[in-house]
Amino acid sequence: MTFQDLKLNTPLYNALDDLGFTNPTPIQAEAFNVVASGSDVVGIAQTGTGKTFAYMLPILRGLKYSEQESPRVLVMVPTRELVVQVVDEIEKLAKYINVRVLGVYGGVNINAQKRAVAEGIDIIVATPGRLYDLAVSRVLQLKTIQKLVIDEVDVMLDLGFRHQLINIFDILPERRQNIMFSATMTEDVDALINDFFIAPKRVSIAVSGTPLENIDQHKYAVPNFYTKLNLLKEILKDTETFNKVLIFVGFKKMADRLFDALDENFHDELCVIHSNKTQNYRLRSIEQFRAGDNRILVATDVMARGLDIDNVSHVINFDTPNFPENYMHRIGRTGRAEREGKSILFYTEKEQEALERIEGLMQMTIPEIEFPENVAISTDLLEEERPQILERNNPLKLRDEDAPGSAFHEKKEKNSKENLGGSYKFKIAAKYKKPKTRGDKNYNKRNKK
Ligand code: AMP
């Protein structure tokens, strides 16, 4: 396929010629018509696949010349570096188009950005915090936005921007096209899609279910976290074989927990990256691991993607990822450049289904290694591993108030109310004989009679 097949226009063809690009990348070919159709789109693609042009080509082709001051296209990205990079890409592509592009991000003086906004823009590329500040200052009008792009959603949510995103959705017009790109599917991304997108079309470069042949995969059935820890420690003792080990976990809380638990035995050899660590900390960890100063790196899926580190001897999946694509990305961190790579997966009974999805995608069964006899099986359980349902008629049953099971997790009565919206608010207002919220203008009217 060439760009000629995409029915672009002359200014775009000329810009692509200048760049020396003749063929769309797979995600560009896949996304073009879907984005152009105007429906909501969820694209799964990693950095480096040409994803920026995948959404910008159809947007720029459809964007008419306008002198309107407020923007029609909003691109949100998680970091200032990405703002700069995306603006740069758009400018290259829009070289022969009369379109005003502006990048805004936090950490710098807002006034210069306010002035730039006031001059009039078509496309704004922004980090969520600064965008929101500009919008509430009323300099930036967002009611004219027709297309919203959220790039690197997984990173955005991992950095804790969910609330900021929702605040921004609130001030955008309801009728708009939502376009979202993410490198990994996570539970958080999935939830955001379900909550805010209307029948989104999914585009992705099919994650190959065929793992590289040079990656040797194995799995262990392990009953729980503490036993996984015992097994991991045993494995890591062999410093010669396990000389550069990348350990994956799904969540940052688990990354911290594992890091703390390994610290006692492997203090000098250990580093960690996840999104609650500062950018400097993350870069330092990666560098120490890359250089071989630290033998072991604990990482979350979102933060470790795109990590291009040579000679990783082993990838250890401390947990079993829910989305099989994530497993493919994880094991792809080893066995790079034709070298032999090794991957080990720990799975519990609860993770069995996720394991089956992974094996289904690869159409192979990962060979199992018998649990080593010299490793202690722990009966200690993490809070979340404990059974949630108490046995009935158990003579040893704890009194309800001491029980750690389901009752413990039950919401307190006062918290268990559903969100009843207005009527509940009114009931409270009536009960306390005054409006609970200052802005309830109808309160007096309702209570006059
Ligand atoms: P991205 O995934 O958007 O970060 O893009 C990665 C790099 O690929 C950028 O430097 C783009 O300029 C470049 N690129 C985008 N589309 C193409 C294409 N069709 N052919 C060659 N390079 C491309």
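Not measured: the values here are computed from a predicted model.

(A) Spotlight on the overall build of the protein. Across its full length, the protein carries 18 helices and 13 strands. Looking at the protein residue by residue over its 449 residues, the buried ones come to 46%. About 24300 Å² of surface is accessible on the protein, with carbon and sulfur atoms providing 48% of the total.

(B) Quick look at the UniProt feature "short sequence motif: Q motif" (unreviewed entry) in the protein. In the numbering used here, UniProt assigns the feature "short sequence motif: Q motif" (unreviewed entry) to residues 1-29. The distance separating the terminal C-alpha atoms of residues 1-29 is 8 Å; by composition the span is 48% helix and 0% strand.

(C) Representation of the site of the ligand within the structure. Around the ligand, the surrounding shell holds 15 residues, and the nearest of these are Asn23, Gln28, Gly48, Gly50 and Thr52. Between the ligand and Lys51, the relevant distance is 3.2 Å, taken from an oxygen atom to a main-chain nitrogen or oxygen of the residue. In the model, an oxygen atom of the ligand is placed 2.6 Å from a nitrogen or oxygen of the Thr52 side chain. Protein burial of the ligand: of its 500 Å² of free accessible surface, 75% is covered by the chains. Listing elements by their share of the shell around the ligand, those giving two or more residues are helix H3 (51-62) and helix H4 (80-93). Split by residue class, the shell around the ligand holds four nonpolar, nine polar and two charged.

(D) Here's a closer look at helix H10 (residues 225-236). Its 12 residues give H10 an end-to-end C-alpha distance of 16 Å, which sits within 8% of 16 Å, the value for a rise of 1.5 Å per residue. Every buried residue belonging to H10 is among Phe225, Thr227, Lys228, Leu229, Leu231, Leu232, Lys233, Ile235 and Leu236, and all of these are buried. The secondary structure elements touched by the buried residues of H10 are strand E8 (215-221), strand E9 (245-249), helix H11 (252-266), strand E11 (296-300), strand E12 (314-317) and strand E13 (341-347).

(E) How the structure looks around the packing of helix H2 (residues 26-36) against H3. With their axes 8 Å apart at the nearest point, H2 and H3 run at an angle of 35° to one another. Between H2 and H3 lies a crossing of right-handed hand. Along the contact surface, H2 presents Ile27, Gln28, Ala31, Phe32, Val35 and Ala36, while H3 presents Lys51, Phe53, Ala54, Tyr55, Leu57, Pro58, Ile59 and Arg61. Within the contact of H2 with H3, the residues separate by chemical class into 11 nonpolar, one polar and two charged.

(F) View of the nonpolar core. In terms of nonpolar packing, the biggest core is built from 40 residues, with Leu8, Leu57, Val75, Ile123 and Val125 touching the most fellow members. When contributions to this core are tallied by element, the ones reaching two or more residues are helix H1 (10-19), H2, H3, strand E2 (73-76), H4, strand E4 (123-126) and strand E6 (177-182). If you tally residues by element for this core, the top one is H3, at seven residues. Contact partners of Val75, with chain neighbours within four places excluded, come to Tyr55, Val86, Ile123, Ile124, Val125, Ala126 and Val149. Listed in part, the 33 residues of the second largest apolar core include Leu134, Leu165, Val189 and Phe323.

(G) Region of the structure containing the sheet that holds E8. With respect to topology, six strands assemble into an open sheet ordered E8-E13-E12-E9-E11-E10, the strand pairing being parallel. At either end of the open sheet lies a strand with only one pairing partner, and these are E8 and strand E10 (270-273). With strand direction ignored, the average angle separating the axes of adjacent strands in the sheet is 20°. Sheet topology places E8 next to E13; seven bridges connect them, and they run parallel. Its bridge partner being in E13, Ala221 is matched across the sheet by Tyr347. Packing of helix H12 (residues 279-291) onto the sheet brings it into contact with E9, E10 and E11, and relative to E10 it is tilted by some 135°.

(H) Quick look at the pattern of salt bridges. Tallied over the full model, the rule gives 18 salt bridges. Residues Asp195 and Arg162 are paired through a salt bridge, measuring 3.1 Å at the closest nitrogen-oxygen approach. Placement of the pair is Asp195 in helix H9 (residues 187-196) and Arg162 in helix H8 (residues 162-171), with a sequence separation of 33 residues. Through salt bridges with shared partners, a single network forms among Lys51, Asp151 and Glu152.

(I) Highlighting the packing of aromatic side chains. Counting across every chain of the model gives seven aromatic pairs. Directly above the ring of Phe225 sits Arg257, whose terminal nitrogen or CZ lies 5.9 Å from the centroid.

(J) Seen up close, the sheet that holds E2. Strand order across the open sheet formed by seven strands is E3-E4-E2-E5-E6-E1-E7, with parallel pairing between neighbours. For this open sheet the edge positions go to strand E3 (101-104) and strand E7 (201-204), each flanked by a neighbour on one side alone. On average, each strand axis in the sheet is inclined to that of its neighbour by 15°, with strand direction left out of account. Note: strand E1 (residues 41-44) against E7, four bridges, orientation parallel. Paired with Val41 across the strands is Lys201, a residue of E7.

(K) Inspection of H2 at higher detail. Restricting attention to buried positions, one finds in H2 the residues Ile27, Gln28, Ala31, Phe32, Val34 and Val35. Here the buried face of H2 lies against E1, H3, E6 and E7. The first or second residue beyond H2 is Gly38, which carries a positive phi of 95°.

(L) Summary view of the pairing of strand E5 (residues 147-150). As paired elements, E2 and E5 share four bridges and run parallel to each other. In the sheet register, Val73 faces E5, and the bridge partner there is Lys147. Both E5 and E6 contribute to a ladder of four bridges, which runs parallel. Pairing of Lys147 across the sheet is with Gln177, part of E6.

(M) Broad picture of the environment of Thr210. With respect to the helices and strands, Thr210 occurs in the loop between E7 and E8. Residue class for Thr210 comes out exposed when judged on its relative accessible area of 61%. Residues Thr210 and Met362, 152 residues apart in the sequence, show an inter-C-alpha distance of 5.5 Å.

Cut-offs and rules
- Residues numbered from 1 in each chain as written.
- Predicted model: local features only at pLDDT ≥ 70, side-chain atom pairs only at ≥ 80, totals over all residues.
- Heavy atoms only, no water.
- Helix = DSSP H or I, 4+ residues; strand = E, 2+ residues; numbered from the N terminus.
- Buried < 20%, exposed > 50% of the residue type's maximum accessible area, 1.4 Å probe, protein only.
- Areas by Shrake-Rupley, 256 points an atom, 1.4 Å probe, with all protein chains shown as cover.
- UniProt positions renumbered as here; feature names shortened; annotations may be inferred.
- Near = heavy atom within 4 Å.
- Polar contact = N/O pair within 3.5 Å; in protein donor to acceptor, adjacent residues only side chain to side chain.
- Nonpolar A, V, L, I, M, F, W, Y, C, P; charged D, E, K, R; others polar.
- Expected span 1.5 Å × (residues − 1).
- Contact = heavy atoms within 4.5 Å.
- Axes fitted to C-alpha atoms, helices over the stretch in contact; angles between N-to-C directions.
- Left-handed = near helix turned anticlockwise from the far one by under 90°.
- Core = buried A, V, L, I, M, F, W, Y, C linked by side-chain atoms within 4.5 Å.
- Pairing = 2+ DSSP bridges.
- Salt bridge = Lys/Arg side-chain N within 4 Å of Asp/Glu carboxyl O.
- Phe/Tyr/Trp six-rings, centres within 6.5 Å; stacked < 30°, edge-to-face > 60°.
- Lys NZ or Arg CZ within 6 Å of the ring centre and 35° of its normal.

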